[in-house]
Amino acid sequence: MATRRPVIRGLILALVVLLLAPVPGVEAATGPRYAVAGLHRPVELLVDKWGVPHIYAADTSDLFFAQGFNIARDRLFQIDTWRRRGLGTLSDVLGPSYVEQDRAARLFLYRGDMDAEWASYGPEGRLAATRFAEGINSYVDWLGRNPAALPPEFAKLGYQPARWRPQDVVRIRTHAIGENLMWEVARAKLVCLAGPGASRYLRSLHPDHEAAVPAGLDPCSVPDDVLKVYDLATASVNFTGAGLQTKDIADATSGSNAWAIGPGRTASGRPILANDPHRGADALPSGRYVAQLSAPGLNLAGAGEPWNPGIAIGHNENIAFGLTNLPIDQTDLYVYELDPNDHTRYRYGTGWERMTTLTESIPVRGGTPVTRELSFTRHGPVVKVDEAAHRAFAVRTAWTQPGSAAYLGSLNYQRATNFDEFTAGMRKWGTPGSNLVYADVRGNIGYVPAGLTPRRTGAGYDGLLPVPGDGRYDWNGFYANRELPGQYNPPSGYFASANDFNIPPGHPVVSNYEWQLPYRKQRIDELIESHPGATVADSLALQKDEKSLVATQLLEFVRGLSSSDPDTAKALELLRGWDGVASAGSPAAALYETWIMKYLHYVWAHAVLPQAAADALVRTINPDFSLIIASFRDPAGWLGPDGAAVRDQLILSSLPVAFRDVAGQLGPDPSTWHWGTLHHNEFKHPLGTPNVGPTPIGGDYHTIHPSFFHPLTYAQIIGATFKIALDVGNWNDSAAINAPGQSGDPRSPHFSDLNGLWASGGSFPLLYSRGEVERNLDVRIRLEPAG
């Protein structure tokens, strides 16, 4: 036995040498070594040639620490800005013009029980946030010793990056999606101007429903600027002096596509899961960051929010997960009668209730701190006081509840190995409302909806209009996530979500009445069902599909028309032969998109509503073209006894105006027009330079490859800059893209290196095995404990 021990030891040593040796044919990429205070054991950080970090740690404590260190290395200015904006400390470094934005942000900070908050994210939640913040701070400390490495934005603006506290990760709520509030105000405006029936023309409601005006509400009492403070609270930071940017367009158009295809429908016999969230398409860097996080017992790959520990979209060794926005109505606007003699008191029940008022000191760069009062009712922060009318307005949100830090609930499912564990992990998911799509290596697929869904009490309280705050319309807790309708191994062999209405008929929980239009989902279904034997390449192609089902349906009403007017005749001819594919090279798409967004909705609104109400309707973002299609199919019911003639005239009067508009921009010959000449993407640096683009692109509001663009400038505002397609169980054959690049540092080679690949519809392999990472290595970084 003794003679065999040297042989065994020799074999073990040889195996260790083999595992640690560079892969043959691959140059040994070298990079910096960091001596890091707070790290327990060494961590390897391998950055592949697409800029994706693969982090290998000895335990999850060091793993989350290294994740924070690395995100600061790549995205420090982005996450520092996110933190300052969310906590309301912009004035401290940018000066007095940001005081009101700071005050607005502080109104919506989480101020509840921190023990309940930490418990919401599972047993690793507090550890993950703590170590993630410590990792960020460690890199900030390193920059203090190595100032030449400081990202250039800080030098340009003249301040230093801040140190983080663990609670900073969870207290900020205002980056969550909250799209319902703006529609409440828009609906109140229409009802004020044209009566209760006018809300029919704003958005289609599902299940079928007619919005009711709550008893006690005067819709005309809601001022046009009632959401000004809320918009400031949820605004991005504008450093260029062009005005603060709000989230109106983002919230109105937020969405995603995701699907899980079961093994019976794939060529490999393994599931495929694909996801492309729709985020700010002009943001530089993007709102997602791709990484691999590996430690004993946890091996994740995919993307998450740059300011959150963990991975929200991706996979571990056993399961894959993606998500789309489930537009649960998690916000309400409350209207209060104030005591005429004391505006700190509001009517509640049979008496007066006093607001809670906090006084906060806001530091101001170059000046003395200023104080601002924050007032709260029992429902939430006060965002507007109409002194003359003795009226106040407050916003109630799910953000005040423990566990509502956006997407951080992903920490609860990252270790799941099967559908039951994954579903259990979703029980505490708070915000935003999300459709979680699932697949596993055993061949199972499923869908888990989750998000805090208020139980609204009071007759006619449907969340579609503001409500009096006198106690008649309150929330009585929340439905449990298990009460929302999920699926497991559906008979169709796949599940797809595109923010569409997906509640089964008669289901007792209606989380919302306002959904994204069904056309993306219908097109996804059409393509999945027509492609048996699906591959990852098929899912990547599906994500690029640019056929608009709104276009194909509207074209039905165009093809039978004729006109003696030359411009109208040319426009009709161009659209008659079009297949509805809004590709960048399409001449017809240039006309069609201009027509529907700038002209068709305008003339339609003025045909169905009085002028003042129509003017208000056309100012809303993301018009509901399903209503126009419905009115064209039932012209008498929508447009009057001569509705068919009215419909045809709407088309014939608006088309030539759109034609002349495009001709004025692209020239008189339609054969030379291209949708991408008008429609473009430009990733804009927060300080104005360096930008990436402009790049011609295709797609529109209703295509699977989405583009929510500004109707006047044609600049893309929301799109799918991050995409992922996973070969479940054969992980190295998965693919991803994250434009324009992984890094937010303009000096990095990974700042914009993925933009061309993204614009062409390409992707890179999302590597999972250590060997494949080594074969595609860009730089090797080593983190070592200081001392």
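Residues numbered from 1 in each chain as written. Predicted model: local features only at pLDDT ≥ 70, side-chain atom pairs only at ≥ 80, totals over all residues. Heavy atoms only, no water.

Draft legend 1. Examining the overall build of the chain more closely. The secondary structure content of the chain amounts to 24 helices and 31 strands. Relative to the globule expectation of 28 Å for 787 residues, the C-alpha radius of gyration of the chain, 27 Å, shows essentially globular dimensions. Restricting to contacts in the chain with at least 6 residues of sequence separation, those with at least 24 account for 72%. Entry remark: accessible area of the chain is about 28400 Å², with carbon and sulfur atoms responsible for 53%. Counting 69 positive and 80 negative side-chain charges, the chain places the centres of these two groups 6 Å from one another. (Helix = DSSP H or I, 4+ residues; strand = E, 2+ residues; numbered from the N terminus. Rg over C-alpha atoms; globule rule 2.2 N^0.38 Å. Contact = heavy atoms within 4.5 Å. Areas by Shrake-Rupley, 256 points an atom, 1.4 Å probe, with all protein chains shown as cover. Lys, Arg positive; Asp, Glu negative; His and termini not counted. Charge placed at Lys NZ, Arg CZ, Asp CG, Glu CD.)

Draft legend 2. Fine view of the sheet that holds strand E2 (residues 43-48). Spatially, the 11 strands line up as an open sheet ordered E1-E31-E2-E3-E6-E7-E8-E9-E17-E18-E22, and their pairing is mixed. In this open sheet, the two edge strands, each paired with only one partner strand, are strand E1 (33-36) and strand E22 (487-488). Across the sheet, helix H2 (residues 60-87) is in contact with E1, E2, strand E3 (53-56), strand E6 (289-295), strand E7 (298-304) and strand E31 (777-785); its angle to E6 comes to roughly 155°. (Pairing = 2+ DSSP bridges. Axes fitted to C-alpha atoms, helices over the stretch in contact; angles between N-to-C directions.)

Draft legend 3. Highlighting the environment of Ala590. Mapped onto the elements of the fold, Ala590 is located in helix H17 (residues 587-608). C-alpha separation for the pair Ala590 and Phe108, spaced 482 residues apart in sequence, amounts to 41 Å. If sequence neighbours within four positions are ignored, Ala590 has contacts with Val662, Leu666, His674, Trp675 and Leu678.

Draft legend 4. Fine view of the nonpolar core. Membership of the largest hydrophobic core comes to 145 residues, with the highest contact counts inside it found for Leu94, Tyr413, Phe422 and Leu783. Residue contributions to this core peak at 12 residues, all from H2. Listed in part, the 65 residues of the second largest apolar core include Leu554, Leu575, Leu639 and Ala658. (Core = buried A, V, L, I, M, F, W, Y, C linked by side-chain atoms within 4.5 Å. Buried < 20%, exposed > 50% of the residue type's maximum accessible area, 1.4 Å probe, protein only.)

Draft legend 5. Representation of the pattern of salt bridges. Using the criterion set out here, one finds 44 salt bridges in the structure. The closest approach of N and O atoms between Glu514 and Arg203, which form a salt bridge, is 3.8 Å. Highlighted residues: Glu514 in the loop between strand E23 (494-497) and helix H13 (519-529) and Arg203 in the loop between helix H9 (180-194) and helix H10 (228-233), separated in sequence by 311 residues. Glu514 sits in the buried class, given a relative accessible area of 2%. Across the pair Arg576 and Glu573 runs a salt bridge whose closest N-O atoms are separated by 3.3 Å. Pair noted here: Arg576 and Glu573 are both in helix H16 (residues 566-576), with a separation of 3 residues, about one helical turn. Residue Arg576 is classed as partly exposed on the basis of its relative accessible area of 27%. Here Glu573 falls in the exposed class, since its relative accessible area comes to 53%. It is possible to trace a salt-bridge network through shared partners that takes in Glu44, Arg770, Glu774 and Arg780. (Salt bridge = Lys/Arg side-chain N within 4 Å of Asp/Glu carboxyl O.)

Draft legend 6. Local environment of the state of the cysteines. Under the defined criterion, the tally for this structure stands at 1 disulfide. Residue Cys192 pairs covalently with Cys220 via a disulfide, S to S 2.1 Å. Taking the sign of the torsion about the S-S bond as the criterion, the disulfide between Cys192 and Cys220, at about 105°, is right-handed. With Cys192 in helix H9 and Cys220 in the loop between H9 and H10, this pair connects stretches of sequence that are 28 residues apart. The exposure class assigned to Cys220 is partly exposed, which follows from its relative accessible area of 46%. (Disulfide = S-S within 2.5 Å.)

Draft legend 7. Structural context of the pairing of strand E29 (residues 735-738). Across the two faces of E29 the burial is the same, with Ala735 and Ile737 and Ala736 and Asn738 all buried. Judged from the 4 bridges that link them, strand E28 (residues 722-727) and E29 form a sheet pairing that is antiparallel. Within E29, the position partnered with Ile724 by the bridge is Ala736. Pairing of E29 with strand E30 (residues 764-765), which is carried by 2 bridges, proceeds in the antiparallel orientation. Counted as the bridge partner of Ala735 is Pro765 from E30.

Draft legend 8. Focus on H9. Across its 15 residues, H9 extends 21 Å between first and last C-alpha, which sits within 8% of the 21 Å expected from 1.5 Å per residue. Within H9, 11 of the 15 residues are buried, which leaves it mostly tucked inside the rest of the structure. Among the residues of H9, Asn180, Leu181, Met182, Trp183, Glu184, Val185, Ala186, Arg187, Ala188, Leu190 and Val191 are the ones counted as buried. Positive phi shows up at Gly195, right after H9, with a value of about 90°. (Expected span 1.5 Å × (residues − 1).)

Draft legend 9. Structural context of unusual backbone geometry. For the peptide bond that leads from Thr689 to Pro690, omega is 0°, which places it in the cis range. Here Pro690 is to be found in the loop between strand E24 (680-683) and strand E25 (692-696). With a phi angle near 55°, His390 is a residue other than glycine that sits in the positive phi range. Topologically, His390 is positioned in the loop between strand E15 (382-386) and strand E16 (391-397). Look at His390 and you get partly exposed, because its relative accessible area is 30%. Of note in this structure, Asn489 is not a glycine but carries a positive phi near 45°.

Draft legend 10. Region of interest: the packing of H2 against helix H4 (residues 99-107). At their nearest, the axes of H2 and H4 sit 6 Å apart, and the two run at 75° to each other. With respect to each other, H2 and H4 are oriented roughly perpendicular. From H2, Arg84, Arg85, Gly86 and Leu87 reach across to H4, where they touch Gln101, Asp102, Ala105 and Arg106. Here the residues of the contact of H2 with H4 sort into 2 nonpolar, 2 polar and 4 charged. (Parallel < 35°, antiparallel > 145°, perpendicular 65-115°, else oblique. Nonpolar A, V, L, I, M, F, W, Y, C, P; charged D, E, K, R; others polar.)

Draft legend 11. Quick look at the side chain of Thr324. Mapped onto the elements, Thr324 comes out in strand E9 (residues 319-325). Leave out the neighbours within four places in its chain, and Thr324 touches Ser256, Asn257, Ala258, Asn275, Gly433, Ser434, Asn435, Ser497 and Asn499.

Draft legend 12. How the structure looks around H16. For H16, the full list of buried residues reads Asp567, Thr568, Ala571, Leu572, Leu574 and Leu575. Taken down its axis, H16 places every buried residue within 165° of arc, on the same side. Turned more than 90 degrees away from the buried face of H16, the exposed residues are Pro566 and Glu573. Its buried side turned inward, H16 meets helix H15 (549-555), H17 and helix H21 (643-666). (Arc of directions from axis to C-beta.)

Draft legend 13. Representation of the packing of H17 against H21 in the model. Interhelical geometry of H17 versus H21 gives an angle of 140° and a closest axis separation of 8 Å. Judged on the interaxial angle alone, H21 and H17 are oblique. Handedness of the crossing formed by H17 with H21: right-handed. Contacts between H17 and H21 involve Ala590, Leu591, Thr594, Trp595, Lys598, Tyr599, Leu600, Val603, Trp604 and Ala607 from the former and Leu650, Ile651, Ser654, Leu655, Val657, Ala658, Phe659, Asp661, Val662 and Leu666 from the latter. Taken together, the residues that form the contact of H17 with H21 break down as 16 nonpolar, 2 polar and 2 charged. (Left-handed = near helix turned anticlockwise from the far one by under 90°.)

Draft legend 14. Inspection of the side chain of Ser294 at higher detail. Turning to its location among the elements, Ser294 is positioned in strand E6. Judged by its relative accessible area of 13%, Ser294 falls in the buried class. Beyond its immediate stretch of four places on either side in the chain, Ser294 contacts Ile55, Tyr56, Ala57, Leu63 and Asn299.

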